[in-house]
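This is what each chain is made of:
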Amino acid sequence: MTTDSTVTVRYFAAARAASGVDSEHFEATTTKQLREAMQQRHGQRLSTVLASCSILVDGTTAHHDEAHSLPRGATVDVLPPFAGG
């Protein structure tokens with residue numbers, strides 16, 4: 001059962017490897033609360049990766065805005081830097 005503050009987090013590349021899952025749900029109303037919950041659940045390995053990740057909330061960048069509000073049912077993508085050409 002989900003509540004009004006449940007968000008879905010999708011991990012990509014190194015963030016997926018660090019968390020060990022493709023996606024999961026968290027209770028959070030701001031990006032700061034979400035980061036803290038992700039770090040608490042997954043520890044230092046994910047914390048290190050998160051430092052260089054882009055955070056998208058429903059497709060909009062929110063990486064450095066800790067007070068960014070998370071809408072009800074938001075999808076949050078955690079995207080590490082990608083290399084390639």
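Reading the values: rules and limits
Residues numbered from 1 in each chain as written. Predicted model: local features only at pLDDT ≥ 70, side-chain atom pairs only at ≥ 80, totals over all residues. Heavy atoms only, no water. Helix = DSSP H or I, 4+ residues; strand = E, 2+ residues; numbered from the N terminus. Rg over C-alpha atoms; globule rule 2.2 N^0.38 Å. Contact = heavy atoms within 4.5 Å. Lys, Arg positive; Asp, Glu negative; His and termini not counted. Charge placed at Lys NZ, Arg CZ, Asp CG, Glu CD. Pairing = 2+ DSSP bridges. Axes fitted to C-alpha atoms, helices over the stretch in contact; angles between N-to-C directions. Salt bridge = Lys/Arg side-chain N within 4 Å of Asp/Glu carboxyl O. Buried < 20%, exposed > 50% of the residue type's maximum accessible area, 1.4 Å probe, protein only.

(A) Inspection of the overall build of the protein at higher detail. Each helix and strand in the protein was counted, giving 2 helices and 5 strands. Starting at the N terminus and ending at the C terminus, the protein contains elements arranged as β-α-β-α-β-β-β. Radius of gyration (C-alpha) of the protein: 12 Å, near the 12 Å computed for a compact globule of 85 residues. The C-alpha extent of the protein, read off along each of the three principal axes, is 40 × 25 × 20 Å. Partitioning the contacts of the protein with sequence separation of at least 6, the portion at a separation of at least 24 is 52%. Each charge class in the protein was averaged separately, 7 positive and 9 negative side chains, and the resulting centres sit 5 Å apart.

(B) Structural detail: the sheet that holds strand S2 (residues 23-27). Pairing within the open sheet is mixed, and its 5 strands lie in the order S2-S1-S5-S3-S4. Strand pairing shows two members of the sheet lacking a second neighbour, S2 and strand S4 (60-61), which therefore form its edges. Relative to S2, strand S1 (residues 6-11) is paired through 5 bridges, and the arrangement is antiparallel. Its bridge partner being in S2, Thr-6 is matched across the sheet by Glu-27. Packed on one face of the sheet, helix H2 (residues 31-50) meets S1, S2, strand S3 (54-57) and strand S5 (75-79) and runs near 135° to S2.

(C) The pairing of S5, seen in detail. Relative to S5, S1 runs parallel, the two being bridged by 4 bridges. When the sheet's bridge partners are listed, Tyr-11 is paired in S5 with Val-78. In this structure, S3 lies alongside S5, joined through 4 bridges in antiparallel fashion. Across the sheet, Ile-55 pairs through a bridge with Val-78, a residue of S5.

(D) Local environment of the pattern of salt bridges. Enumeration over the complete set of coordinates arrives at 3 salt bridges. Residue Asp-77 pairs with Arg-10 through a salt bridge whose shortest N-O separation is 2.6 Å. Linking Asp-77 in strand S5 with Arg-10 in strand S1, this pair joins segments that are 67 residues apart in sequence. Given a relative accessible area of 35%, Arg-10 falls into the partly exposed group. The partner of Arg-16 in a salt bridge is Asp-22, with the nearest N and O atoms 2.9 Å apart.

(E) Seen up close, unusual backbone geometry. Its identity as a non-glycine residue notwithstanding, Ala-13 has a phi of 50°, on the positive side. Tracing the chain through its elements places Ala-13 in the loop between S1 and helix H1 (14-19). Of note in the backbone geometry, Asp-58 takes a positive phi value of approximately 50° without being a glycine. Along the polypeptide, Asp-58 turns up in the loop between S3 and S4. Accessibility expressed as a relative area gives 47% for Asp-58, which makes it partly exposed.

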